[in-house]
Each structure stands twice: as C-alpha cells, then as structure tokens.
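Listed here are the chains, written in short residue letters.
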Amino acid sequence: MPRRNPVTLEDVAAWDNLSAAFWRAARGKRHRPEVGRFAANFDAEIAQLRRQILAGELPEGAMASFEIRDPKPRIIHAPGFRQRVLHHALMHQMAPTIERSLVLDTYACIPGRGTHAAVHRVQHHARRHRWYAKIDVQSYFASIVHERLLEDLARRFKDRGLLALCRRIVEQHRSSPGRGLPIGALTSQHFANLYLGPLDRHLLEQARVAGMVRYMDDTLWWGAERVEVRRQVDEVAALLAEQRGLTVKANWQINRSERGIPFCGFRVFPATLRLSPRRKRRYRDARRAWERAYLNGTIMPGELQRGYASTLAITAHADADGWRRRELERAGPDA
C-alpha cells in the first residue's frame, strides 16, 4: 500500500484554506447573487463553513441540474456556491496527492498538462508507433462504483474525518444504487480521474504498451502490430468490468497512426493537427454569434475584435490557417 497522506479535516477547514477556496470558487461568478451574499458576510460564512467541515457536515443547498449538448446531451449537476467553496478547499489539500498517484501520461485535471499537452503527446506517439487502439467508457461518471472509489481514497489518505466527509460528498449523488458522480462538481473531476489509475498501470506495467495517453476516460495506446493492440482491447475491457465495474463502449477503434487519430477535438496526424468537425462547428457558431451582435448594433467594433480573438482560440494549435481563410470568404455571418 502506498504511504498515506496525513491531511486532516482541520487542514481543510483552516481559515486561510477556506478564504483562498472562496476566491477560486468565485472566479468568473462574482455577479451571481449567492456569491455576493457570501462575500457580504464573508467572516460569518467562513466561520460557519469551518464549523460544518469540522463536524463532518455538508453545507445546505440543492444541486442545480441542467442539460447541455457537447455534442451529445449531458446532464450537469452543479453544486451550490457554499458547496463549491468546500470542494475547492478539499481539493486544494487532496489534489496534489491524487495527482502524484497518477502516471505522467494522464492529462485531465492536472496543472501543466490539459487538452493541448495531451494532443501533442498523442502526436509524439503517432510519429513513432504504427498501430493504435482508442476506447472510452460507457456513461463513465454515472457508472463509477462508490465503494471502490472510496477504497481508492482510503489507500491514499488516512484521516477518518476526511474520509467520512468524502463519503458524504460521494454518496450525495446517485445515478443508480451505489454508483455515479455528478458531472459539474470539482471533486467529481479529480475522483473520476483517480478511478482509472489501475487502467494506466495495467497498460504500462502489465501490457507494456509502446505508449499511452489518457484524458479522463478517453484512452489511447500504441503497439507495433494490429493483432497486439486488438488483444489488448479485450484485456482492458475485461479488467475494467471486473475491477472497476465499467463497460467499454462498443465503438472502440483500431487503426494506423498515419490515418489520423480523433482525440480531444482534433484529428492528430504524425505531421499535422487538424480540427475535428465538432471543433469546426464551434468556431463557426461562435464567429457568427459575434458578427450578428455587431450587425444588430449590440456591440462595438472593439468588442467584435475581442470576440474574434476569443473565437480564434478554438482553432489554436491546429494547422487551420487555410481552412479559416476559406471560412471567411463569404458575404455575411450566415455563410
């Protein structure tokens, strides 16, 4: 068993930790009424939250649920602001230990990595290895088994009060009996990333793949021969079903790296990065929205320019100059 971290509830409830957690939770949301109410009574709110944490209680407040299309429908369960402050305080103490337990080739929710680092790592492997396999998990967040996740946490943290609080957070949401984390909570992102750590270690230590990249449950690995990576797909599916209670989607892929690898909004080739159809659609929609706002007189030219700059970021890192020029050769925003 790895050495367990001694972080305690007292560390989470420390005044400076909670104060910093407020500012992280409030970033970009200062206009919201619940954030304003918290800020207006800052000392009393922090004191109350501290008492609740030390008592092992969760702040009151129901999660807000809404649907997004990204591109498929997803139900987001967003915790109330006081719970978001708690989640930020908790993860400030727990996330470094969780991150250290993960291999270097997992990229979600880790500072200094992220989407673009993952894509460039995929290209690195695509230049060197001939065959790849790509899988993701059916209804990943909704399928995470609570008890197995809590066992994973207990192997890394030893304070009983901290683990009891984590249990209350995990069990607050159920997609089905004993399963599921809410998409939209900070704790869910880190806990879900940790949950697939055994997959990473299997690929690198048992299967000894030529290379791998994981971004949450989207997982790629490489080998010299098609038959090799095909066999590993079956091994991985069996391991995830038995050890994690998860099902690999039936649309797994095996192909040559030279034909391009769809990953994180790009199509990755050994020598170039192209935009996926989804990312192209996001660019078009965003650009047209800014142009309509300008033509309707609701924004000024300077705001339009800033909007174009933010929209351009959608295509960053891809070799998309020619495609963007063709997109702009049109008469109006509906082109």
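This is a predicted model, so every value here is computed, not measured.

> What exactly am I supposed to notice about the overall build of the chain here?
Each helix and strand in the chain was counted, giving 15 helices and 9 strands. Against the globule reference of 20 Å for 335 residues, the chain gives a C-alpha radius of gyration of 22 Å, in line with a compact fold. If you line up the chain on its principal axes, its C-alpha atoms span 60 × 60 × 30 Å. Within the span of the chain, comprising 335 residues, buried residues form 47% of the whole. Of the contacts made within the chain by residues no fewer than 6 positions apart, 71% connect residues no fewer than 24 positions apart. Roughly 16800 Å² of accessible area belongs to the chain as shown, and the carbon and sulfur atoms make up 49% of that amount. Charge centroids of the chain, computed over 57 positive and 36 negative side chains, lie 3 Å from each other.

> What is the right way to read the nonpolar core from this model?
Nonpolar side chains in soluble globular proteins generally cluster together in the buried interior. Judged by nonpolar contacts, the single largest core of 66 residues is most densely connected at Tyr-140, Phe-191, Trp-221 and Leu-240. In terms of nonpolar packing, the next biggest core, distinct from the first, is built from 21 residues, Ala-118, Val-119, Ile-314 and Ala-320 among them.

> Any chance you could explain a positive patch on the surface here in plain terms?
A cluster of basic side chains, namely Arg-3, Arg-4, Lys-158 and Arg-160, defines a positive patch on the protein surface. Relative to the elements of secondary structure, Arg-4 occurs in the segment before α1 (9–13). When its relative accessible area of 34% is taken as the criterion, Arg-4 is described as partly exposed.

> How should the pattern of salt bridges be read in this particular structure?
Between side chains of opposite charge, a pair can form as their charged atoms come close. Across all of its chains, the model carries 14 salt bridges by this definition. Put simply, Glu-147 and Arg-167 hold a salt bridge, and the shortest N to O gap is 2.8 Å. Pair noted here: Glu-147 is in helix α8 (residues 146–154) and Arg-167 is in helix α9 (residues 160–171), with a separation of 20 residues, a long-range link. Among the ionic pairs, Asp-234 bridges to Arg-230, the shortest N-O distance being 2.8 Å. Here Asp-234 and its partner Arg-230 are both found in helix α12 (residues 226–244), 4 residues apart, which amounts to about one turn of the helix.

> Sorry if this is basic, but what is going on with the packing of aromatic side chains here?
For any pair of aromatic rings, geometry is given as the distance between the ring centres together with the angle between the planes. Taken as a whole and judged by the stated rule, the model has 7 aromatic pairs. Ring plane angle 75° and centroid distance 5.2 Å describe the contact between Phe-22 and Phe-42, whose orientation is recorded as edge-to-face. Taken together, the residues Phe-22 in helix α2 (residues 15–26) and Phe-42 in helix α4 (residues 42–54) connect sequence positions 20 residues apart. Each member of the pair, Phe-22 as well as Phe-42, is classed as buried.

> Help me understand the sheet that holds strand β4 (residues 211–215), please; the structure alone is not making it clear to me.
Working definition: the strands of a sheet are paired by backbone hydrogen bonds and lie parallel or antiparallel to each other. Here we have 4 strands laid out as an open sheet, ordered β4-β5-β3-β6, and antiparallel in their pairing. The two strands at the open ends of the sheet, each matched to only one other strand, are β4 and β6 (253–256). Averaged over all neighbouring strand pairs, the angle between strand axes comes to 15°, with direction disregarded. Sheet topology places strand β3 (residues 131–135) next to strand β5 (residues 218–223); 5 bridges connect them, and they run antiparallel. Following the sheet pairing, Trp-131 is matched in β5 by Gly-223.

> Looking at this structure, I do not really get the layout of surface pockets. What am I missing?
The gaps left among the atoms become clear once a water-sized probe is rolled over them. Roughly 160 Å³ of volume is contained in the second largest pocket. Taken together, 13 residues make up the lining of the second largest pocket; nearest its centre are Lys-29, Arg-84, His-88, Gly-184 and Leu-186. Elements that contribute at least two residues to the lining of the second largest pocket include exactly α2, α5 (81–100) and α10 (186–195). Split into classes, the residues belonging to the lining of the second largest pocket amount to 5 nonpolar, 4 polar and 4 charged.

> Looking at this model, I keep getting lost on the state of the cysteines. Mind explaining?
Cysteine pairs can be linked by a disulfide, which is a covalent bond between their two sulfur atoms. Tallied over the full model, the rule gives 0 disulfides. For the unlinked cysteine Cys-109, the closest cysteine sulfur is that of Cys-264, found at 12 Å.

> Explain empty space enclosed by the protein here, please?
In this structure the tally under the stated criterion is 1 cavity of 30 Å³ or more. Of the voids in this model, the largest cavity is the one considered here, and its volume is about 50 Å³. Forming the walls of the largest cavity are 12 residues, and the residues nearest its centre are Ile-169, Pro-182, Ala-185, Thr-187 and Ser-188. Where the lining of the largest cavity is concerned, the elements lending two or more residues are α9 and α10. Here the element with the most residues in the lining of the largest cavity is α10; it accounts for 3 residues. When its residues are assigned to classes, the lining of the largest cavity shows 7 nonpolar, 5 polar and no charged.

> Got a minute to help me understand α10 in this structure?
Each α-helix turn comprises 3.6 residues. Residues three or four places apart therefore point the same way. Within α10, 8 of the 10 residues are buried, which leaves it mostly tucked inside the rest of the structure. Turning to α10, its buried residues are Thr-187, Ser-188, His-190, Phe-191, Ala-192, Asn-193, Leu-194 and Tyr-195.

> Honestly, the sheet that holds strand β8 (residues 266–268) in this entry has me stumped. Any pointers?
Reading across from one edge, β7-β8-β9 is the order of the 3 strands in this open sheet, with antiparallel pairing throughout. Since the sheet does not close on itself, it has two edges, and those belong to β7 (261–263) and β9 (273–275), each with one partner. Direction aside, neighbouring strands of the sheet carry axes that sit 30° apart on average. By the bridge criterion, 3 bridges tie β8 to β9 in an arrangement that is antiparallel. By the bridge assignment, Arg-267 is partnered in β9 with Arg-274.

Analysis parameters
Residues numbered from 1 in each chain as written. Predicted model: local features only at pLDDT ≥ 70, side-chain atom pairs only at ≥ 80, totals over all residues. Heavy atoms only, no water. Helix = DSSP H or I, 4+ residues; strand = E, 2+ residues; numbered from the N terminus. Rg over C-alpha atoms; globule rule 2.2 N^0.38 Å. Buried < 20%, exposed > 50% of the residue type's maximum accessible area, 1.4 Å probe, protein only. Contact = heavy atoms within 4.5 Å. Areas by Shrake-Rupley, 256 points an atom, 1.4 Å probe, with all protein chains shown as cover. Lys, Arg positive; Asp, Glu negative; His and termini not counted. Charge placed at Lys NZ, Arg CZ, Asp CG, Glu CD. Core = buried A, V, L, I, M, F, W, Y, C linked by side-chain atoms within 4.5 Å. Patch = residues over 30% accessible without salt bridge, like charges linked within 9 Å, V, L, I, M, F, W, Y side chains within 5 Å. Salt bridge = Lys/Arg side-chain N within 4 Å of Asp/Glu carboxyl O. Phe/Tyr/Trp six-rings, centres within 6.5 Å; stacked < 30°, edge-to-face > 60°. Pairing = 2+ DSSP bridges. Axes fitted to C-alpha atoms, helices over the stretch in contact; angles between N-to-C directions. 1 Å grid on protein atoms, 1.4 Å probe; cavity = no way out; pocket = protein on both sides within 12 Å on 5 of 7 lines; lining within 4 Å. Points joined across faces, edges and corners; volume = space filled by probe spheres on them. Nonpolar A, V, L, I, M, F, W, Y, C, P; charged D, E, K, R; others polar. Disulfide = S-S within 2.5 Å.

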